[in-house]
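Observations on the model geometry
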Amino acid sequence: MLRPVLTIFLLFLRIDALENGLARTPPMGWMSWAAFFCEVDCQKHPHDCINERLYVTQADQIVSDGFREAGYTSIHIDDCWMEMQRTALDRLAANRSRFPSGIKNLAKMMHQRGLKLGIYEDYGTLTCAGYPGSKGYVEIDAETFSDWDVDYLKFDGCYCNMSEVAAGFKSMRYALEKVQQKMIYSCEWPLYLKQAPEMIHYDEIAENCNLWRNFDDVYSNWGSILSIIDFQAENQDEIAKVQKPGAWNDPDMLVIGNGNLTVEQCRSQMSIWCIWSAPLIMSTDLRILEPEYREILLNKKAIAVDQDPMGKFGKRVYKEGDLNIFSKPIQPTEGEKTSLAIALLNRNPDSPIDHTFTLSSLGLHEPVKLIEIWSNTEFGKVNPDASIKVTIHPSDTLFFTAKLLSAASHELSDEELKRHLEENRISAEKAQQAAKIRKLFILLLVFVAYSIGATGYIIFMFTQCK
């Protein structure tokens, strides 16, 4: 008698999407890993090791070089920041020699600069670099990060069995919901199920994480970037449908300016990441960044495509030889019609590509204002059937916005955009509170149903005994 009653009520206990009011546009910031990895020898590499000074100096560059004003507003610690053992109270501790002020004070330093602080942990027994993992300590670690005023958690999945991945990442989501400090939650969940794709359920991942890594780590070479582009494009239908404000596919860091990549290849990474509405997390030494790479990272028109409030995941719509064409719906819109961002990528590092296309072939059927972002070339009014002839240099990308002329008056100003995002955030917070109330109400109903069922069962057994 108990089981049917409980089953009926538990059918209503679905998990709601992670609506914590955070990451309403793709996060933007700076992370240490792809530039500095796990360098902990501060005697040999005093300016390039994972320590407090590194994060403070990079933060100062973000402020002084205009990155903060462009939207890059967070500094992210990756692996190798901890002591090798937990404290006597089972708490994590920052390495005392490399982080003498502690993480709470480092967070304060970031906040004083108008920035947020992100931190790294791992669900497994150890982090990928062998430092203490969160397994068995998830709630303690969430409380610790909250006590330290951390704003963002990157949660990895090394030293964790595939059978534990889903439950492990969910457990940290629930722990973060209980603490006082709100934190953006970045998961490596699908990455660690890459060998068992049947276990990857993107709707479930999007319900528990603000962003998630789908594929391998990025490295500062063209082959690495192309492999990420291929994976995302080959799986675009599945991963695009769950992306929305507050829930983002993460193709990993921007490695622009790290060497081994040409300026053209760096433009290509920025273009495709923006087409995907990807998190823009730089990982390069900002202290020595050359001007041509800084210009790519600070390009306002490219960033505007990435941060478009619709948050759409742009798809590859054309592939022939080394030419890939991507398009992404953006504002302004008119009814069901949208403007487009368009990227023409030449994958070949040695040869240019000549190509002719029309906007109608990409789904636009009325005149638009066409701009090429990297050259800042304005083509003015372009009709949908006009032939557009272009040359794409080796491993470069031409990056266009094609904005509906009829909807130009409806395009959001910067102030309107800020207001729109704030309204979006408040709406998400209200939805989160409503979801919590609904869950409590359903749990109460389940308890009542259980009590009624238990009482009925006792009466039934008593009558049978008679």
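This is a predicted model, so every value here is computed, not measured. (Residues numbered from 1 in each chain as written. Predicted model: local features only at pLDDT ≥ 70, side-chain atom pairs only at ≥ 80, totals over all residues. Heavy atoms only, no water.)

1. Looking at the overall build of the protein
Helices and strands together make up the secondary structure of the protein, namely 14 helices and 16 strands. For the protein, with 466 residues in total, the buried portion stands at 52%. Long-range pairs, those at least 24 residues apart, make up 73% of the contacts in the protein with a sequence separation of at least 6. When the accessible area of the protein is evaluated, it comes to approximately 21,000 Å², of which 54% is carbon and sulfur surface. (Helix = DSSP H or I, 4+ residues; strand = E, 2+ residues; numbered from the N terminus. Buried < 20%, exposed > 50% of the residue type's maximum accessible area, 1.4 Å probe, protein only. Contact = heavy atoms within 4.5 Å. Areas by Shrake-Rupley, 256 points an atom, 1.4 Å probe, with all protein chains shown as cover.)

2. Focus: the sheet that holds strand 6 (residues 211-213)
The pairing of strands in a sheet happens through backbone hydrogen bonds and is either parallel or antiparallel. Pairing is parallel across the open sheet formed by eight strands, whose spatial order is 7-6-5-4-3-2-1-8. The sheet terminates laterally at strand 7 (248-250) and strand 8 (280-282), the two strands that pair on one side only. Each strand of the sheet is rotated relative to its neighbour by a mean of 25°, with strand direction disregarded. Of the pairings in the sheet, the one linking strand 6 to strand 7 comprises three bridges and is parallel in character. (Pairing = 2+ DSSP bridges. Axes fitted to C-alpha atoms, helices over the stretch in contact; angles between N-to-C directions.)

3. Some thoughts on the environment of Glu 139
On the secondary structure map, Glu 139 appears in helix 6 (residues 138-147). Through-space distance from the C-alpha of Glu 139 to that of Ser 171 is 8.3 Å; in sequence the pair is 32 residues apart. Once you skip the residues sitting within four places of it in the chain, Glu 139 turns out to touch Ala 175 and Lys 178. In terms of polar contacts, Glu 139 uses its side chain to reach the side chain of Lys 178, at 2.9 Å. (Polar contact = N/O pair within 3.5 Å; in protein donor to acceptor, adjacent residues only side chain to side chain.)

4. Structural notes on the packing of helix 9 (residues 222-234) against helix 11 (residues 263-275)
At their nearest, the axes of helix 9 and helix 11 sit 11 Å apart, and the two run at 20° to each other. Between helix 9 and helix 11, the angle is such that the two are roughly parallel. Considering only the axes of helix 9 and helix 11, their crossing is left-handed. Where helix 9 abuts helix 11, its residues Trp 222, Ile 225, Ile 228 and Ile 229 lie against Gln 265, Ser 268, Gln 269, Ile 272 and Trp 273. Taken together, the residues that form the contact of helix 9 with helix 11 break down as six nonpolar, three polar and no charged. (Parallel < 35°, antiparallel > 145°, perpendicular 65-115°, else oblique. Left-handed = near helix turned anticlockwise from the far one by under 90°. Nonpolar A, V, L, I, M, F, W, Y, C, P; charged D, E, K, R; others polar.)

5. Regarding the pattern of salt bridges
On inspection of all chains with the given rule, the structure shows 25 salt bridges. For Arg 347, the salt bridge identified is with Asp 230, shortest N-O distance 2.8 Å. In this pair, Arg 347 sits in the loop between strand 11 (337-346) and strand 12 (353-357) while Asp 230 sits in helix 9, placing the two residues 117 residues apart along the sequence. No difference in accessibility class separates Arg 347 from Asp 230, as the two residues are buried. Residues Asp 237 and Lys 315 are paired through a salt bridge, measuring 3.1 Å at the closest nitrogen-oxygen approach. Taken together, the positions of Asp 237 in helix 10 (residues 236-240) and Lys 315 in strand 9 (residues 315-320) put the pair 78 residues apart, joining distant regions of the chain. You can call Asp 237 exposed: its relative accessible area is 53%. (Salt bridge = Lys/Arg side-chain N within 4 Å of Asp/Glu carboxyl O.)

6. Section: helix 9
Counting along an α-helix, one turn takes 3.6 residues, and residues three or four places apart therefore face a common direction. For helix 9, with 13 residues, the first-to-last C-alpha span of 18 Å sits near the 18 Å given by 1.5 Å per residue. Taking burial as the measure, the 13 residues of helix 9 include ten buried ones, the bulk of the element. When helix 9 is considered as a whole, its buried residues turn out to be Trp 222, Ser 224, Ile 225, Leu 226, Ile 228, Ile 229, Asp 230, Phe 231, Gln 232 and Ala 233. Check the buried side of helix 9 and you find it contacts helix 10, helix 11, strand 9, strand 10 (323-334) and strand 11. You can read the cap of helix 9 off the contacts: a side-chain oxygen lies 3.2 Å from the backbone nitrogen of Gly 223, and it is on Asn 221. (Expected span 1.5 Å × (residues − 1).)

7. Some details on the nonpolar core
Ranked by internal contacts, the top residues of the largest apolar core, which has 105 residues, are Trp 81, Ile 103, Tyr 185, Met 270, Trp 273, Trp 276 and Phe 399. Ranked by residue count, the leading element in this core is helix 9, at seven residues. If near-sequence neighbours (up to four positions away) are discounted, Trp 276 is found in contact with Ile 228, Ile 229, Gln 232, Gln 243, Pro 251, Lys 312, Phe 313, Gly 314 and Phe 326. One finds Leu 344, Leu 364, Val 368 and Leu 398 within the second-largest nonpolar core, a separate group that totals 20 residues. (Core = buried A, V, L, I, M, F, W, Y, C linked by side-chain atoms within 4.5 Å.)

8. Quick look at the state of the cysteines
Inspection of the entire model under this criterion finds four disulfides. Paired through a disulfide, Cys 38 and Cys 80 show a sulfur-sulfur distance of 1.8 Å. Measuring the twist about the S-S bond at about -115°, one finds the Cys 38-Cys 80 disulfide to be left-handed. Here Cys 80 lies in the loop between strand 2 (74-76) and helix 5 (102-112) and Cys 38 lies in the loop between helix 2 (33-36) and helix 3 (52-64), a separation of 42 residues in the sequence. Residue classification places Cys 80 among the buried residues on the basis of a relative accessible area of 0%. Between Cys 42 and Cys 49 runs a disulfide, and the two sulfur atoms are separated by 2.0 Å. When the S-S torsion is 100°, as for the bridge of Cys 42 with Cys 49, the disulfide is right-handed. Taking relative accessible area as the criterion, Cys 42 reaches 22% and is therefore assigned partly exposed. On the basis of relative accessible area, Cys 49 is assigned to the buried category, the value being 1%. (Disulfide = S-S within 2.5 Å.)

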